[in-house]
Amino acid sequence: MTTMPKSLSFAVIFVLVSAALHVIAPLLSGFSSEGLFLVPFGLLYGLIAMGLMRNMRWLAWVTFFILMFGGIFAMASAMSAITVPSWIYSFIAAADWAGAACLFGYLWNPKPAI
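Given the structure is predicted, the values throughout are model-derived calculations rather than measurements.

S.K.: Would you take a moment to explain the side chain of Asp96 for this structure?
M.R.: With respect to the secondary-structure elements, Asp96 resides in helix H5 (residues 86-108). Looking at Asp96, its side chain comes within polar contact range of the main-chain nitrogen of Gly71, at 3.4 Å. Excluding residues within four positions of it along the chain, Asp96 makes contact with Ser18, Tyr45, Leu67, Gly70 and Gly71.

S.K.: Even after reading the chapter, I still don't get the confidence of the model for the protein chain, so can you show me in this structure?
M.R.: Interpretation of this model should avoid reading the predicted coordinates in detail wherever pLDDT is low. Residue-level pLDDT values for the protein chain average 92, and 96% of them are 70 or greater. For the protein chain, helix H2 (residues 33-36) is the element with the lowest average pLDDT, namely 90, and helix H3 (residues 39-53) is the one with the highest, namely 96.

S.K.: Explanation requested: the packing of aromatic side chains in the structure shown.
M.R.: Both the distance between ring centres and the angle between the ring planes are used here to describe each pair of aromatic rings. For the structure on display, the rule yields five aromatic pairs. Ring plane angle 35 degrees and centroid distance 6.4 Å describe the contact between Phe64 and Phe104, whose orientation is recorded as tilted. Placement of the pair is Phe64 in helix H4 (residues 57-79) and Phe104 in helix H5, with a sequence separation of 40 residues. A residue is classified by how much of its surface remains accessible, and Phe104, at 44% relative accessible area, is partly exposed. Seen in terms of ring centroids, Trp87 and Phe91 are 5.9 Å apart; in terms of plane orientation they differ by 80 degrees. Their pairing is edge-to-face. Taken together, the positions of Trp87 and Phe91, both in helix H5 and four residues apart, correspond to about one turn of that helix. Given a relative accessible area of 45%, Trp87 falls into the partly exposed group. Taking relative accessible area as the criterion, Phe91 reaches 47% and is therefore assigned partly exposed.

S.K.: Explain H4 to me, please; I cannot follow it from the model alone.
M.R.: Residues spaced three or four apart along an α-helix face the same direction, because each turn holds 3.6 residues. Between its first and last C-alpha atoms H4 spans 34 Å; for 23 residues at 1.5 Å apiece the expected length is 33 Å, and the two agree. The set of residues buried in H4 consists of Arg57, Leu59, Ala60, Thr63, Phe64, Leu67, Gly70, Gly71, Ala74, Ser77 and Ala78. Elements in contact with the buried residues of H4: helix H1 (6-28), H3 and H5.

The rules behind the values
- Residues numbered from 1 in each chain as written.
- Predicted model: local features only at pLDDT ≥ 70, side-chain atom pairs only at ≥ 80, totals over all residues.
- Heavy atoms only, no water.
- Helix = DSSP H or I, 4+ residues; strand = E, 2+ residues; numbered from the N terminus.
- Polar contact = N/O pair within 3.5 Å; in protein donor to acceptor, adjacent residues only side chain to side chain.
- Contact = heavy atoms within 4.5 Å.
- pLDDT = per-residue confidence, 0-100.
- Phe/Tyr/Trp six-rings, centres within 6.5 Å; stacked < 30°, edge-to-face > 60°.
- Buried < 20%, exposed > 50% of the residue type's maximum accessible area, 1.4 Å probe, protein only.
- Expected span 1.5 Å × (residues − 1).

In structure tokens form, the structure reads like this:
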């Protein structure tokens, strides 16, 4: 088994935090349609975290862009939030961008030679 670089392990933590925030959003919004819309994305983030734990570099590239755009979408949703508290969206955006920053550090380093 290979060990994960430290930046990748921190990225996995931030992706899991974002996934948890996506999943608990319906509880805080009274199971509104806006809150329930976030659940599939939380499950997808959980699957992505599991893939990143397997040290899949190609998935790190895809996840980097998903997290960047997810953070932008979360901030836009925070500005127009009706039923989901805006602080949930702000924390989702912060976790997404922190994960993207960690993935940037991981992807910036050259791929280790075999």
